[in-house]
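Structure at a glance
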Amino acid sequence: MHNAAFGALGLDYAYLPFRVRREKLGEAVAGMRALNLRGLNVTIPHKVAVMPLLDEIDPLAGKIGAVNTIVNDEGWLRGYNTDAEGFLRVLLEAGISPEGKKVVVLGAGGASRAITFILLEKGARLTIINRQLRFDWAPPPVKLMELNEASLATALGEADILVNATSVGMSPHDAFSPVPAGMLRAGLVVYDIVYNPLHTRLLKEAEAAGARVIAGLDMLVGQGALAFEKWTGQAAPAALMKRAALEALGL
Ligand code: ATR
């Protein structure tokens, strides 16, 4: 999606994948400085370990404790978390402001953490539901519950927005949904961060129940669009990037 966007805007950049071993992360970042690369995306398993290697961490990325985007300004490396901002951007573009909304986030992994912090920053009222109780990082106003039918029913009964930030429903386990279909209803916004398949069982059942749905590919494109803007200083052609992402995924 980045190369498609560079091409469309006539920008002289190329986006390339590099597989970096854990023990080579320091050398990879030194290489970024030496080669004067403008930017990098960082993914699993390096999102946390890369932080001390940078010169500056954006405050939101610092709170989240993970960086997925690096911008190199003449040797000064700044780390951002566009997963979180991309999630928010898509919500806002759909005309949904999280302020004052009751949001239920399923999952407590890395993705959940990014989403949770930005939602809190924007004034959402949060409940996090997870299979295991591993919530050492969740700040106090957040309600925490263990995943079961009773907690889902209680939390979803009064929710405005449901976010699936677990991997449940992801291919090849696309026959599963984290939420019983009977708990989905009109008036609920259902945002699934899983993007493979494009329309997860959760999203299909939510749509059938009359809920508004947001697909995970939009978040993927949203984080990419933000990174693109940080690197190039130009507005990202998000629709074109989405088409390119769909094509790359063979969808
Ligand atoms: P990511 O970086 O994508 O968030 P992660 O940190 O491995 O990945 O987190 C995966 C999330 O999916 C976790 O919340 C995990 O729940 P646990 O903390 O209890 O492991 C959740 N998850 C994965 N498989 C699940 C399943 N079958 N049922 C419920 N939750 C599941």
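Residues numbered from 1 in each chain as written. Predicted model: local features only at pLDDT ≥ 70, side-chain atom pairs only at ≥ 80, totals over all residues. Heavy atoms only, no water.

Below, the discussion takes up the overall build of the protein chain. If you tally the helices and strands in the protein chain, you get 9 helices and 10 strands. For 251 residues, the compact-globule estimate of 2.2 N^0.38 gives 18 Å, and the protein chain sits close to it at 18 Å. With the C-alpha coordinates aligned to their principal axes, the bounding extent of the protein chain is approximately 55 × 40 × 35 Å. Counting across all 251 residues of the protein chain, residues that qualify as buried make up 45%. Surface accessibility of the protein chain: about 12,300 Å² in total, with carbon and sulfur atoms responsible for 54%. Measuring between centres, the 25 positive side-chain charges of the protein chain sit 2 Å from its 25 negative side-chain charges. (Helix = DSSP H or I, 4+ residues; strand = E, 2+ residues; numbered from the N terminus. Rg over C-alpha atoms; globule rule 2.2 N^0.38 Å. Buried < 20%, exposed > 50% of the residue type's maximum accessible area, 1.4 Å probe, protein only. Areas by Shrake-Rupley, 256 points an atom, 1.4 Å probe, with all protein chains shown as cover. Lys, Arg positive; Asp, Glu negative; His and termini not counted. Charge placed at Lys NZ, Arg CZ, Asp CG, Glu CD.)

With that settled, consider a nonpolar patch on the surface. There is a patch of nonpolar side chains on the surface, built from Y195, L249 and L251 and spanning about 260 Å² of accessible area. Along the chain, Y195 turns up in the loop between β9 (189-192) and α7 (201-208). (Patch = residues over 30% accessible without salt bridge, like charges linked within 9 Å, V, L, I, M, F, W, Y side chains within 5 Å. Salt bridge = Lys/Arg side-chain N within 4 Å of Asp/Glu carboxyl O.)

This part is about the domain arrangement of the protein chain. When its domains are assigned, the protein chain resolves into domain 1 (2-80) and domain 2 (84-217). Each of domain 1 and domain 2 has a C-alpha centre, and the two are 28 Å apart. Counting residues at the interface gives 4 residues for domain 1 and 7 residues for domain 2. Taken together, the two surfaces of domain 1 and domain 2 that pack against each other cover about 530 Å², and 62% of this comes from carbon and sulfur. Among the residues of domain 1 in contact with domain 2, L60, K63 and I64 are the three that bury the most area, contributing 90% of the side total. (Domains from an automatic or database assignment. Contact = heavy atoms within 4.5 Å. Buried area = accessible area lost by both parts, 1.4 Å probe.)

Moving on to the sheet that holds strand β3 (residues 69-73). With mixed pairing, the 4 strands of this open sheet are ordered in space as β1-β3-β4-β2. Every other strand in the sheet has two partners, leaving β1 (39-41) and β2 (56-57) as the edge strands with one partner each. Bridging between β3 and strand β4 (residues 76-80) involves 5 bridges; their strand directions are antiparallel. Pairing of D73 across the sheet is with W76, part of β4. Strands β1, β3 and β4 of the sheet are contacted by helix α2 (residues 25-35), whose axis makes an angle of about 125 degrees with β4. (Pairing = 2+ DSSP bridges. Axes fitted to C-alpha atoms, helices over the stretch in contact; angles between N-to-C directions.)

Not every one of the 13 residues close to the ligand is listed here, only the nearest: A108, A111, N130, R131 and R134. In this structure, A108 approaches the ligand through a main-chain N or O atom, which is 2.8 Å from an oxygen atom. Considering the ligand on its own, with 640 Å² of exposed area, one finds that the protein chains cover 67% of that surface. Residue classes in the shell around the ligand are distributed as 4 nonpolar, 7 polar and 2 charged. (Near = heavy atom within 4 Å. Polar contact = N/O pair within 3.5 Å; in protein donor to acceptor, adjacent residues only side chain to side chain. Nonpolar A, V, L, I, M, F, W, Y, C, P; charged D, E, K, R; others polar.)

On to the nonpolar core. Within soluble globular proteins, side chains that are nonpolar generally end up buried alongside one another. Formed by 29 residues in total, the largest nonpolar core has its most connected members in F87, V103, V105, I115, L119, V163 and Y191. Among the elements of the structure, α3 (59-64), α4 (82-93), β5 (102-106), α5 (110-121), β6 (125-130), β8 (161-164) and β9 are those that each provide at least two residues to this core. When we break this core down by domain, the ones giving at least three residues each are domain 1 (2-80) and domain 2 (84-217). Discounting residues that sit within four places of it in the chain, V105 has contacts with S112, I115, T116, L119, L126, T127, I128, I129, V163 and A165. Counting residues in hydrophobic clusters, the runner-up holds 18 residues, among them V104, A159, L188 and A211. (Core = buried A, V, L, I, M, F, W, Y, C linked by side-chain atoms within 4.5 Å.)

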